Amino acid sequence: MTARHGNSENTPHICIITGSHLWRNPRAVKEADALVEAGFKVTVVGPLISEQDQARDKILLQNRKWQRVASPNLLAPSLFGYRRFLARVKKRLSILVVRHFGLSLAGSLAYSIGDTIRSAKKLQADIYSCHQEAGLVAFESLSKKGFVCTVDIEDWYSKDLLPEAQKDRPIALLRRLEKLALQNAKVTFTTSQALAVALAAENDSKLPVVLFNAFEWAGRTRMDGQTRDRKNPEIPSLQWFSQTIGPGRGLEELIDAVQLIDRAFELHIRGDGSDVYKQALLSRLPAEKRANIFFHATTDPDALLSRLAEHDIGLALEQSVPASRDLTITNKVFQYLQAGCAVLASKTSGQQDAQTCFPGAISLTDLDPKAIAGALLELLADPVRLEMAKASALEAARTSASWEIAARQLVTIYRDALNPASAK
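None of the values given here were measured: they were computed from a predicted structure. (Residues numbered from 1 in each chain as written. Predicted model: local features only at pLDDT ≥ 70, side-chain atom pairs only at ≥ 80, totals over all residues. Heavy atoms only, no water.)

Let us look at the pairing of strand 3 (residues 67-73). Sheet topology note: the strand 2 (residues 41-48)/strand 3 ladder contains five bridges and is parallel. Among the inter-strand pairings, Val45 is bridged to a residue of strand 3, identified as Val69. Taken together, strand 2, helix 2 (residues 51-61) and strand 3 constitute a β-α-β crossover, and its handedness is right-handed. (Pairing = 2+ DSSP bridges. Helix = DSSP H or I, 4+ residues; strand = E, 2+ residues; numbered from the N terminus. Right-handed = clockwise from strand over helix to strand, strands pointing away.)

The structure is reproduced here in structure tokens:
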């Protein structure tokens, strides 16, 4: 398989394919930034699905040096909104067929994925970087046409989500595509050593390259220096964040742990979630324990670091099931390090990897209220230890946990992939 040089320029063209809005796939955005800064031409192909997500994408796209191709564009004007309606109906029908008949339909994984693939093919890029489940589907189609592809397996897609949610996913298709990618892609990437070893063993392939979900140390120069969330600087401040506030994310165990801690502190929970669920969490506590718990909506990616840096401890209380969640290292761990927060993480395989790499910054706990409370008390009761952990977090973010180091690794890999001598 050899690289195609479809562009009229001498500059190699890399097309990154994602199945989600840009702000929801920071790994693809960081890759695009790194490659364009290294001198590549970069185009990111992915969907426009909702106005709210597009508003965040617009902010993210400001001053970027790469191009974004919206495909499918469900927000494009159409008679009575038929394009958006039809795409949603097709995806919903695909999910129903998967759930009730067990058929492996790629349409259940992303909106109008065929449009995404066709738009990507038209670019005739030298290399295609395939992200998320949509990227796996695109890899099969593109590789059949002789295009050179890398595949980034951010999660173990065939072993992701809980059993009830898996009923809506074409698991057999995902397994087949994962194996195809791991055995045939020019390069495969993943997020932790634990996940790399498991993927290689399951699919009889070589180890994927481990590329941490790290963040730029230079990003700290763009912090706004404001305090918008934290209320009382005289007491320690804890934080948990994700895109979604909901069950099965360690929040129930965290709130029950709060009940067991007799020291004053604030707890800030950031993400999109229902008021009903938030009230259900608070109802687990007596009234006097609720006063210092605060909920915040998700924020724009460029403002997130500033908000995280207001706090002292970042919580990464991941479940050990499914396997994907156990083996990966989530973005939040690296964002906490970049923010200079001590990290308390549950003992998943991936987070144990992270603690081995950054022992001074990360403490581990069982996902149990008593264990969480005990681990938090060790930090809260020892201000010197807490400050040392925060300093270790900053040092890790500046050195081995920085995106600058990961970006250099990524650029080297792409340059090697474009070298004719490296062609398979």
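The sheet built from six strands is open, its strands ordered 10-9-8-11-12-13 with parallel pairing. Looking at strand neighbours, the two that pair on one side only are strand 10 (293-296) and strand 13 (362-365), the edges of this open sheet. Across the sheet, the axes of successive neighbouring strands diverge by a mean angle of 25°, strand direction being ignored. Where strand 9 (residues 266-272) meets strand 10, four bridges bridge the pair, whose relative direction is parallel. Along strand 10, the bridge assignment pairs Ile269 with Phe295. (Axes fitted to C-alpha atoms, helices over the stretch in contact; angles between N-to-C directions.)

Our focus in this paragraph is the sheet that holds strand 4 (residues 127-131). Here we have seven strands laid out as an open sheet, ordered 3-2-1-4-5-6-7, and parallel in their pairing. Each edge of the open sheet carries a strand with a single partner, namely strand 3 and strand 7 (209-210). When strand 4 meets strand 5 (residues 149-153), the two strands line up parallel, connected through four bridges. Bridged to Cys130 within strand 5 is Val151. In the packing of helix 8 (residues 193-203) onto the sheet, contacts are made with strand 5, strand 6 (187-190) and strand 7, and the angle to strand 6 comes to roughly 130°. (Contact = heavy atoms within 4.5 Å.)

The next subject is the nonpolar core. Membership of the largest hydrophobic core comes to 54 residues, with the highest contact counts inside it found for Val42, Trp66, Phe334, Leu337 and Ile362. It is helix 18 (residues 403-417) that provides the largest number of residues to this core, a total of eight residues. With residues near it in sequence (within four places) discarded, Val42 still touches His13, Ile14, Ile16, Ala32, Leu35, Val36, Trp66 and Gln67. (Core = buried A, V, L, I, M, F, W, Y, C linked by side-chain atoms within 4.5 Å. Buried < 20%, exposed > 50% of the residue type's maximum accessible area, 1.4 Å probe, protein only.)

What follows concerns helix 12 (residues 301-308). Three or more residues of helix 12 are buried, namely Leu304, Leu305, Ser306, Arg307 and Leu308. Its buried side turned inward, helix 12 meets strand 8 (237-244), strand 9 and helix 14 (331-339).

All right, on to the environment of Ser402 then. Within the secondary structure, Ser402 is located in the loop between helix 17 (383-398) and helix 18. Each C-alpha atom, one on Ser402 and one on Ala323, is 26 Å from the other, the two residues being 79 residues apart in sequence. What Ser402 contacts, discounting residues up to four positions off in sequence, is Ala214, Phe215, Trp217, Ala396 and Ala397. Side-chain polar atoms of Ser402 contact the backbone oxygen of Thr399, separated by 3.0 Å. (Polar contact = N/O pair within 3.5 Å; in protein donor to acceptor, adjacent residues only side chain to side chain.)

The next point concerns empty space enclosed by the protein. With the rule as written, the count across this model stands at one cavity of 30 Å³ or more. When its volume is computed, the largest cavity comes out at roughly 40 Å³. Together, Asp229, Gln239, Trp240, Phe241, His268, Arg270, Arg307, Leu308 and His311 line the largest cavity. Secondary structure elements with two or more residues in the lining of the largest cavity: strand 8, strand 9 and helix 12. (1 Å grid on protein atoms, 1.4 Å probe; cavity = no way out; pocket = protein on both sides within 12 Å on 5 of 7 lines; lining within 4 Å. Points joined across faces, edges and corners; volume = space filled by probe spheres on them.)

Two residues of an α-helix separated by three or four positions point the same way, owing to the 3.6 residues in each turn. Along its 13 residues, helix 5 (residues 132-144) runs 19 Å from first to last C-alpha, staying within 8% of the 18 Å computed at 1.5 Å per residue. Buried residues dominate helix 5, accounting for 11 of its 13 residues. Listed in full, the buried residues belonging to helix 5 are Gln132, Glu133, Ala134, Gly135, Leu136, Val137, Ala138, Phe139, Glu140, Leu142 and Ser143. Buried residues in helix 5 make contact with strand 1 (13-17), helix 4 (113-123), strand 4, strand 5 and helix 7 (171-184). Phi for Gly146, located one or two positions after helix 5, is positive at around 90°. (Expected span 1.5 Å × (residues − 1).)

Keep in mind that these numbers describe shape and distance, not what the molecule does.
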